[in-house]
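Okay, here's what each chain looks like letter by letter:
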Amino acid sequence: IGGVLFGYDSGVINGVLAMTPFQQTFQWKNSAMKGFIVSSLQLGCFLGSLGAGYFCEKFGRKRSVLGGASLFVIGGALQASAHGIPQLIVSRIIAGFAVGILSMGVPLYLSEVAPAKIRGTLVSMQQLAITLGILIAFWIDYGTLNISGNNSWRVPFGIQVGIAGIMAIGMIFLPESPRWLMDNNLEERAEANINRLRNERAIASGETAAEVSEIRESIAFECEVGSGKWSELFVNGMWRRTLIGVLIQIFQQLTGINAVMYYASSILAQAGFDSQSTALLATAGSGIVNVVFTFPGLYFIDRAGRRPLLLSGAAIMTVGMVILGVLIAVYGPEFSNTAAPYGCLVMMYIFTAGFAFSWGPIGWVYPSEIYPLRIRSKAIALTTASNWLFNFAVSQLVPVLMEAIDWGLYIIFAAFGLIMLIWVYFYVPETKGKTLEEIDLMFGSRAGGRAPAPLSSTEKTNDTAVIGVVQEKV
Ligand code: BGC
């Protein structure tokens, strides 16, 4: 539900902006104000995700997520009842703050309660939920477009209040993360929660007991080696992880996905579609492609692993963007070739599919699993905030660049795709199937110690070898 709120709230404004009663009520004076009505949400998300580091550490994962959902009820209600631009903007910052907490707290919580085997799939469910949220918002906007008066936009804003309410109530019944409990010396509750989270077979076979002692040992070890302060994110043995987490999130935005999610109809207009309704339906199409292609991501993330998906996704997105740019450069702006606009549409869908099974989910999965417990909430707060900051920047810049450099915009995104491909190939190790504690070891968990040497090609492909080699080093 956290993911649905994330997607719904970012998507809903798209259709709402086009509604006449909304325009009449708020009467913004210029496009900068219009832009800020949209991006005040992302500003709130940025602040919320930074704050979430503190909340998740101090109050626990569960209470922070519950707090985020409750705050969203307030932000959503204020948006739905807004009477002027100040209320609208403040309410979007509040709702954004809540989404920021959820976008950080939900993957963190999921990664800590999930068994290693299905952790990737489970955290990726958040991405599936985001894509569904975007799609639901689009169709609800479409459905309320013709309601007369202000209800046409109050209803789509109001629906989110109900969704957040369900989440807040549901969260009361979920168990707190055993890792957070253990870290706060609440061992008995931690053990009870692990047993509640695993099935009877795991309990009978001693798997849960092993998990409990692994967490216990790793916490004891961590107390000896690290401070758990913000500065620890940049010490030897840690800064490389910090950099990977931050870059994976920044690159997720530099793919250009939100150029498609927020501005698909402008892209299609640039690609020669002149009818508004075709452009609208084509936009809905990219929402559907986004949802459908998240499924192969869920399936393969814990089977093929993170690296193959990141590499193939970056390659597909690069190809899609290059061809899109070239088609517009060659056939635009007149588009006398009637097939070319459809070529552009197909490229936009191929690009979206390439994102949906790879960088979409893994952008959230990877940072949630690479940091040791003592600094996990701070680190994920930082990586998530980087994502929102670049989301904000890209969505502000896209319309400007579209006008200034036309098809050049897509070539820039393609260039980022290529850089991502090379970067993942050389610098991003596989985390599939390992417990969070094993991953910590793989990265050379000794804070203040030596940074691990760059991975050799055998290490990159052979999980056991990686763990073996690093264990030896530690
Ligand atoms: C990104 C969002 C994007 C969405 C599209 C998420 O992973 O963080 O910025 O809008 O995917 O599905």
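None of these values were measured; they are calculated from a predicted model.

Structural notes on the side chain of serine 395
So, step 1. Relative to the helices and strands, serine 395 is located in helix α19 (residues 373–405).
So, step 2. Within the local environment of serine 395, its side chain forms a polar contact with the backbone oxygen of phenylalanine 392, the two atoms lying 3.2 Å apart.
So, step 3. Setting aside its immediate chain neighbours within four residues, serine 395 contacts Gln42, Tyr262 and Tyr263.

Topic: the site of the ligand
So, step 1. What surrounds the ligand is a group of 15 residues, the closest being Gln127, Gln252, Gln253, Asn258 and Asn290.
So, step 2. Glutamine 127 is positioned with one of its side-chain polar atoms (N or O) 2.6 Å from an oxygen atom of the ligand.
So, step 3. Secondary structure elements with two or more residues in the shell around the ligand: α6 (119–144), α12 (239–254), α13 (257–270), α18 (359–369) and α19.
So, step 4. Top element by residues in the shell around the ligand is α6. It accounts for four residues.
So, step 5. Counted by class, the shell around the ligand contains six nonpolar, nine polar and no charged residues.
So, step 6. Each of domain 1 (1–174) and domain 2 (227–442) accounts for three or more of the residues forming the shell around the ligand.

Section: the domain arrangement of the chain
So, step 1. Taken as a whole, the chain is organised into domain 1 (1–174) and domain 2 (227–442).
So, step 2. Averaged C-alpha coordinates put domain 1 and domain 2 at centres separated by 21 Å.
So, step 3. On the side of domain 2, 43 residues touch domain 1, which itself brings 42 residues to the contact.
So, step 4. Buried area between domain 1 and domain 2, summed over both chains or domains, comes out near 3,600 Å², and the portion from carbon and sulfur atoms is 67%.
So, step 5. Per-residue buried area on domain 1 facing domain 2 is highest for Gln42, Arg119 and Gln127; these three make up 16% of the total on that side.
So, step 6. Where domain 1 touches domain 2, the interface holds three salt bridges.
So, step 7. For lysine 378, the salt bridge is made with glutamate 57, and the minimal N-O distance between the two is 3.0 Å.
So, step 8. Contributing elements (two or more residues each) for the side of domain 1 that touches domain 2: α1 (2–17), α3 (31–58), α5 (85–113) and α6.
So, step 9. In terms of residues, the side of domain 1 that touches domain 2 owes the most to one element, α6, which gives 17 residues.
So, step 10. Partitioned by chemical class, the residues of the side of domain 1 that touches domain 2 number 21 nonpolar, 16 polar and five charged.

How each quantity is defined
Residues numbered from 1 in each chain as written. Predicted model: local features only at pLDDT ≥ 70, side-chain atom pairs only at ≥ 80, totals over all residues. Heavy atoms only, no water. Helix = DSSP H or I, 4+ residues; strand = E, 2+ residues; numbered from the N terminus. Polar contact = N/O pair within 3.5 Å; in protein donor to acceptor, adjacent residues only side chain to side chain. Contact = heavy atoms within 4.5 Å. Near = heavy atom within 4 Å. Nonpolar A, V, L, I, M, F, W, Y, C, P; charged D, E, K, R; others polar. Domains from an automatic or database assignment. Buried area = accessible area lost by both parts, 1.4 Å probe. Salt bridge = Lys/Arg side-chain N within 4 Å of Asp/Glu carboxyl O.

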